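Per-entry structural report
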Amino acid sequence: MKYSDLTLPLDHDWMPDEVLPVAAHFYLAPKYHPDKGIVLGSETGTCLTLPAVFAAFRKTARLHEIAIDELFLRATTILEIRADERQEITESEMRRALEGCKAPRGNALLLRTGWGDRGTHNEPGSRYIMASPHLTLPAAELLAAFMADHESALLLTDLALIGWPDKHLLPEWNSLFPRPGPWPSTEAQMFLHLYTAEKAKDDFAVELTLARANIMTVKRLIHCKELSSDRLRVIVSPLHIVRGVSSTCRVIAVEE
Amino acid sequence: MKLIDLTMPVWPGAGYGEILPFTNTPVEFVEYMDYAKNGLRQTCMKLNGETGSPLMVAAQHAPFDMTPIQKNPRFTWTLDEIPLQELVLHDTAVLDIPATEGHEITVDEMAAALKAADFRKGDHVLLRSGWGSLERAYEMGIDYLKKSPSVHYDAAALLAEKMEQLDSKMFMTDCALVNPPRVQGYNWFLGDAPIIPLPKPWPSAEARERLMDMGGSYAYAHTSREPSSYGALIRKSIACGKCLINCMQITKKRVEMIILPLKIKKGGASSCRFVAVE
């Protein structure tokens with residue numbers, strides 16, 4: 001058996017995903033500090049997101065209700081779409097990749113773009129998030145249809161962002177210079193106070209498309225380069241949060 | 001292949017976050033994006049190293065204090081340094097010692113259980129008392145920990161010795177506390193002068209006062225004069241896990257364990273997922 005850890009480390013010095021106001025600052029306070037403990041967001045680092053993260057699907061399964069065999073030792077097929085910095089993965093690229101994808105029914109899909117192997121998650125600055133390749137809406141619709149057809153409800157990827165929130169979130173947040181910190185900075189709190197459900201619907205159209213197809217997503221994998229599609233299983237290990245809708249998680253690949 | 005989830009869930013206000021003055025802090029959630037206003041939910045969570053079913057290495061207070069809680073530990077890895085071979089599908093012997101409310105597992109019971117178990121070289125150990133159940137944890141609140149069965153020091157010392165002999169590197173249990181509550185909670189919730197009503201954990205005024213009484217350090221977190229059962233075990237282990245549930249669903253004497261803590265850089269303890277594979 002060969003095991004590979006595909007998880008972004010939770011680094012108390014610096015996290016590469018703390019760029020947008022929707023992210024929460026991760027920190028560990030020292031033991032004699034009043035805040036002693038572990039403070040993290042539900043999507044800190046490598047994370048699992050359920051459809052129930054969205055209000056429209058809040059009646060669907062929560063973290064504590066997910067059957068263990070949907071996440072642990074799940075047979076997985078790799079869907080390869082090499083993508084450059086900032087690249088939009090288009091419908092035609094997705095179609096080509098899906099045509100070559102021999103996914104047995106029920107397998108999870110691991111969309112490997114190479115972004116998690118470039119080391120940008122180790123670099124200072126916002127490039128890991130702001131230069132991530134991402135899916136266009138037509139590509140996501142095609143992927144969702146393919147996964148529904150293959151009874152596959154778990155999508156893993158090395159993308160830092162799956163969709164591209166460029167309708168409101170990115171232009172409005174990026175207009176603030178220097179860029180403020182993530183939640184709970186004052187600016188992030190103010191931003192989210194004015195960030196309506198309608199804006200979120202526009203920004204997260206790709207994620208909503210996947211959620212509508214009842215697909216759980218795991219993003220921000222690293223070190224996927226060496227994985228082979230044959231006899232690959234993944235372990236997705238989130239925190240076991242009662243009524244949770246997303247969680248930082250540990251992801252391990254098991255190759256026989 | 002049968003998978004059994006042995007993980008205590010995480011929820012705000014859980015008893016395991018309320019019981020001890022220093023090693024616990026309350027579990028708190030803040031919904032900073034919510035369905036009604038933002039159309040989606042994002043949560044900021046305050047946890048600690050012993051939330052849910054935790055996994056703890058000898059340097060439990062790492063990364064800020066790398067001092068192990070017992071001197072000269074056999075292993076000095078932090079959470080992110082534990083080799084995956086120790087965490088994924090590792091052979092594990094189930095050590096059966098049924099124990100009811102408040103029972104301290106004795107050295108004779110431990111010796112008998114070791115004799116009956118199919119404990120092989122290199123195995124991890126899962127001590128099953130039968131206490132760990134979600135229904136019980138929900139129902140009892142902090143009493144789930146106060147009244148938990150536990151391991152007497154002599155029994156822990158015997159097990160630790162056997163673990164070293166067999167090159168066993170990980171200890172897990174469904175007891176909510178490894179140390180007897182009278183030791184762990186000495187003069188906090190039990191002992192000669194328990195504090196009534198029970199104060200909140202750190203950073204409550206009472207916890208800060210207790211720290212003053214302890215000379216400003218809680219490197220060795222309980223004030224009882226009795227030796228630490230947990231200390232005997234962690235000294236010989238890569239890490240220890242406690243507060244597991246559902247262990248009675250295991251039907252075999254040996255299982256493979258998946259043990260996945262958060263990948264905290266140089267971390268000393270974290271909430272962890274424990275899954276048995278039969």
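The following refers to the structure shown. Quick caveat: nothing in here was measured; it's all calculated off a predicted structure.

1. Quick word on the overall build of chain B
- A count of helices and strands for chain B gives nine helices and twelve strands.
- Judged by the C-alpha coordinates and their principal axes, chain B covers about 55 × 50 × 35 Å.
- Summarising the internal contacts of chain B: among those between residues at least 6 apart in sequence, 75% fall at separations of at least 24.
- Put simply, chain B shows about 10,300 Å² of open surface, and 52% of that area lies on carbon and sulfur atoms.
- One way to put it: in chain B the 30 positive side-chain charges average out to a point 4 Å from where the 33 negative ones average out.

2. Details of the overall build of chain A
- Within chain A, the regular secondary structure consists of seven helices and twelve strands.
- Principal-axis analysis of the C-alpha atoms places the extent of chain A at approximately 50 × 40 × 40 Å.
- Pairs at least 24 residues apart make up 78% of the contacts formed inside chain A by residues separated by at least 6 positions.
- About 10,000 Å² of surface is accessible on chain A, with carbon and sulfur atoms providing 51% of the total.
- Counting 28 positive and 34 negative side-chain charges, chain A places the centres of these two groups 3 Å from one another.

3. A look at the packing of aromatic side chains
- Per the stated rule, a full pass over the model turns up nine aromatic pairs over all chains.
- Each ring, one from A:Phe191 and one from A:Tyr195, has its centre 5.8 Å from the other, and the planes form 25 degrees; the classification is stacked. Exposure class is identical for A:Phe191 and A:Tyr195. Each is buried.
- With centroids separated by 5.7 Å and ring planes inclined at 25 degrees, the aromatic side chains of B:Trp131 and B:Tyr144 adopt a geometry described as stacked. Placement of B:Trp131 in the loop between strand S7 (124-128) and helix H4 (134-140) and of B:Tyr144 in helix H5 (residues 143-146) is noted, with a sequence separation of 13 residues between them.

4. Focus: the sheet that holds strand S2 (residues 28-33) of chain B
- Reading across from one edge, S2(A)-S3(A)-S3(B)-S2(B) is the order of the four strands in this open sheet, with antiparallel pairing throughout. Looking along the sheet, the strands with just one partner apiece sit at the ends: strand S2 (27-29) of chain A together with S2 of chain B. Neighbour-to-neighbour, the strand axes of this sheet turn through a mean angle of 15 degrees, independent of strand direction.
- In the sheet, strand S3 (residues 37-41) of chain A pairs with strand S3 (residues 42-47) of chain B via four bridges, with the strands oriented antiparallel. The partner of A:Ile38 across the bridge, within S3(B), is B:Leu47.

5. Quick look at the interface of chain B and chain A
- The interface of chain B with chain A comprises 59 residues on the first partner and 61 residues on the second.
- Summed over both sides, the interface between chain B and chain A buries roughly 5,500 Å², with carbon and sulfur atoms accounting for 66% of that surface.
- Our enumeration of links across chain B and chain A arrives at three salt bridges.
- A salt bridge links B:Lys265 to A:Asp13; the shortest N-O distance between them is 2.9 Å.
- Where chain B meets chain A, there are 27 residue pairs in polar contact (both at pLDDT 80 or more).
- Of the residues forming the side of chain B that touches chain A, the biggest block, six residues, is contributed by S3(B).

6. Digging into the side chain of B:Ser168
- Within the secondary structure, B:Ser168 sits in the loop between helix H6 (153-165) and strand S9 (170-173).
- On the accessibility criterion, B:Ser168 (0% relative accessible area) is buried.

Each value, and the rule that gives it
Residues numbered from 1 in each chain as written. Chains lettered and ligands numbered in written order. Predicted model: local features only at pLDDT ≥ 70, side-chain atom pairs only at ≥ 80, totals over all residues. Heavy atoms only, no water. Helix = DSSP H or I, 4+ residues; strand = E, 2+ residues; numbered from the N terminus. Contact = heavy atoms within 4.5 Å. Areas by Shrake-Rupley, 256 points an atom, 1.4 Å probe, with all protein chains shown as cover. Lys, Arg positive; Asp, Glu negative; His and termini not counted. Charge placed at Lys NZ, Arg CZ, Asp CG, Glu CD. Phe/Tyr/Trp six-rings, centres within 6.5 Å; stacked < 30°, edge-to-face > 60°. Buried < 20%, exposed > 50% of the residue type's maximum accessible area, 1.4 Å probe, protein only. Pairing = 2+ DSSP bridges. Axes fitted to C-alpha atoms, helices over the stretch in contact; angles between N-to-C directions. Buried area = accessible area lost by both parts, 1.4 Å probe. Salt bridge = Lys/Arg side-chain N within 4 Å of Asp/Glu carboxyl O. Polar contact = N/O pair within 3.5 Å; in protein donor to acceptor, adjacent residues only side chain to side chain.

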